[in-house]
Amino acid sequence: MARVVLIGPVAPYRGGIAHFSEALGRALQERGHVVQAISFRRQYPRWLFPGRQQTEPEPTSSWMPTTYLIDPLQPWTWYRAARAVRQLRPDLVVFQYWMPFFAPAYGAICRCLKQQAVPTVALVHNALPHERHAFDEVLSRFFLKRCTARLVLSETVAQQLHKLGVPVEVQLVHPIDARYGPPLPKVEARRRLGLPLEVPVLLFFGFVRRYKGLDVLLEALPAVRAVLPDVQLVIAGEFYEAVTPYQERLRMLELEHCVHVHDRYIPESEVAWYFSAADLVVQPYLSATQSGVVPMAFHFERPVVVSAVGGLPEVVPHEVVGFVVPPGDAQALAAAIVRFFQENWAERLTEGVRRLRMRYDWAPLCEALEQMLRTC
């Protein structure tokens, strides 16, 4: 049994990194470890956050013992956090890292812990952001070089670290978080969302930003409708950029009657409705590292169409669990969607998802951290 401290967002903060932290903590606890968290008292200042709110819309709290201390813009909180970690006498500290904005705080905490010979691991979701800024590489390098070890979840992120001149000790895949419960009957889910019961349904899930390629999917949809006139698209996620250009594009392409825009953060209790209602999950990203949406689709046994960017092709073998298409190619995307329905790929790809999802257990990640406990 070891004492592990996780540093990063946890409930009530919303989003994939917070969910990942909670799921990792629970997986470690189930293996007999004592897990505690040090989190943010303020994650982002309001003027830097593109969404409407930073916490879950439903009442929730972390199941782990958690101290909320860190403010990325208040350096004195960084040293308080380091002191709080030392008082817990951990055997290992794991940082959830996904944005250079947090590198100064994380780096300062890591430096303090290193002086006390506390082993630290950076679990790197992204080493560099999708929208780049001038000091991203400097900031990421500042933090990552101070950690005892680094763990990544895709080859793309491993390459980012190599570019920064930072070693990678372990490379794994993004595990599946089962927090959302089992799939629901498709008819029930479609009724909950007000969708037609017997038509093809596509799902674009997650917050909307330019790099996610929603505009490419909208451009592809008229070609899909020419073959599948009843097809419906559900866009489920908060827009982190202006929604007006997308609305204008829908009108121009005459898609308003078949595209259902749910411009809001989807709470945990509703996630199953969206994936269970869909036949196919579409991720037409223009850039990516790895994606938390693919494991969610696999959890609900839904095939996917993804772009050949970042780590997406690593986890979506073509014609095994979905289709891989060139990024930014609306014609190829439309052809893949049409092929899925016209050639009856649903059963084959769903069976592929069921076989492949066994790779996405939390055990390999826990075992890697346990190995670091012995060697760091």
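Further up the page is the structure itself.
On a predicted model such as this, the values are computed, not experimentally measured, just so you know. (Residues numbered from 1 in each chain as written. Predicted model: local features only at pLDDT ≥ 70, side-chain atom pairs only at ≥ 80, totals over all residues. Heavy atoms only, no water.)

A. Region of interest: the sheet that holds strand 12 (residues 304-307). A sheet is described by the order of its strands in space; here six strands give the open sequence 10-9-8-11-12-13, paired in parallel fashion. Two strands bound the open sheet, and with one partner strand each, they are strand 10 (259-262) and strand 13 (322-325). Averaged over neighbouring strand pairs, the angle between their axes works out to 20 degrees when direction is ignored. Strand contacts of helix 12 (residues 330-342): strand 8 (201-205), strand 11 (280-283), strand 12 and strand 13, with the helix running at about 165 degrees to strand 13, the strand carrying the most contacts. (Pairing = 2+ DSSP bridges. Helix = DSSP H or I, 4+ residues; strand = E, 2+ residues; numbered from the N terminus. Axes fitted to C-alpha atoms, helices over the stretch in contact; angles between N-to-C directions. Contact = heavy atoms within 4.5 Å.)

B. Fine view of the packing of aromatic side chains. In the structure shown here, the tally under the stated rule is 24 aromatic pairs. On the numbers, 4.9 Å between centres and 50 degrees between planes, the contact of F205 with F275 is tilted. Pair noted here: F205 is in strand 8 and F275 is in helix 9 (residues 271-277), with a separation of 70 residues, a long-range link. On the basis of relative accessibility, which here comes to 0%, the residue F275 falls in the buried class. K212 extends its terminal NZ or CZ atom over the ring of F207, reaching a point 3.8 Å from the ring centre. (Phe/Tyr/Trp six-rings, centres within 6.5 Å; stacked < 30°, edge-to-face > 60°. Buried < 20%, exposed > 50% of the residue type's maximum accessible area, 1.4 Å probe, protein only. Lys NZ or Arg CZ within 6 Å of the ring centre and 35° of its normal.)

C. Structural context of the pairing of strand 10. Bridging between strand 9 (residues 232-236) and strand 10 involves four bridges; their strand directions are parallel. Bridging from a neighbouring strand, L233 pairs with V259 of strand 10. This β-α-β element, strand 9 to helix 8 (residues 244-252) to strand 10, shows right-handed connectivity. (Right-handed = clockwise from strand over helix to strand, strands pointing away.)

D. Local environment of the sheet that holds strand 3 (residues 66-70). Spatial strand order, 3-2-1-4-5-6-7: seven strands in an open sheet with parallel pairing. At either end of the open sheet lies a strand with only one pairing partner, and these are strand 3 and strand 7 (170-171). Bridge analysis of strand 1 (residues 3-7) against strand 2 (residues 34-40) gives five bridges, and the strand direction is parallel. Its bridge partner lying in strand 2, V5 is registered against Q36. Of the strands in this sheet, strand 1, strand 2, strand 3, strand 4 (92-97) and strand 5 (120-124) touch helix 3 (residues 103-115), which is tilted by about 170 degrees from strand 4. Seen against the sheet, helix 5 (residues 155-164) touches strand 5, strand 6 (149-152) and strand 7 and runs at an angle of roughly 145 degrees to strand 6.

E. Molecular detail of the pattern of salt bridges. Applying the stated criterion across every chain, the model contains 21 salt bridges. Residue R210 pairs with E241 through a salt bridge whose shortest N-O separation is 4.0 Å. Of this pair, R210 sits in the loop between strand 8 and helix 7 (214-227) while E241 sits in the loop between strand 9 and helix 8, and the two are 31 residues apart along the sequence. The salt bridge involving R339 is made with E319; its shortest N-O contact spans 2.8 Å. (Salt bridge = Lys/Arg side-chain N within 4 Å of Asp/Glu carboxyl O.)

F. Quick peek at unusual backbone geometry. Residue P12 is reached from A11 by a cis peptide bond, and omega for that bond is 10 degrees. You can see P12 is positioned in the loop between strand 1 and helix 1 (16-30). One non-glycine residue, E319, adopts positive backbone phi at about 65 degrees.

G. Looking closely at the packing of helix 7 against helix 12. Where helix 7 meets helix 12, the closest approach of the two axes is 8 Å, and the angle between their N-to-C directions is 45 degrees. Classified by the angle their axes make, helix 7 and helix 12 are oblique. Considering how the two elements wind past one another, helix 7 and helix 12 form a crossing that is right-handed. For the pair formed by helix 7 and helix 12, the contact residues are V216, L217, E219, A220, A223, V224 and V227 on the first element and A330, L333, A334, I337, V338 and Q342 on the second. When the residues that make up the contact of helix 7 with helix 12 are grouped by side-chain class, the tally is 11 nonpolar, one polar and one charged. (Parallel < 35°, antiparallel > 145°, perpendicular 65-115°, else oblique. Left-handed = near helix turned anticlockwise from the far one by under 90°. Nonpolar A, V, L, I, M, F, W, Y, C, P; charged D, E, K, R; others polar.)

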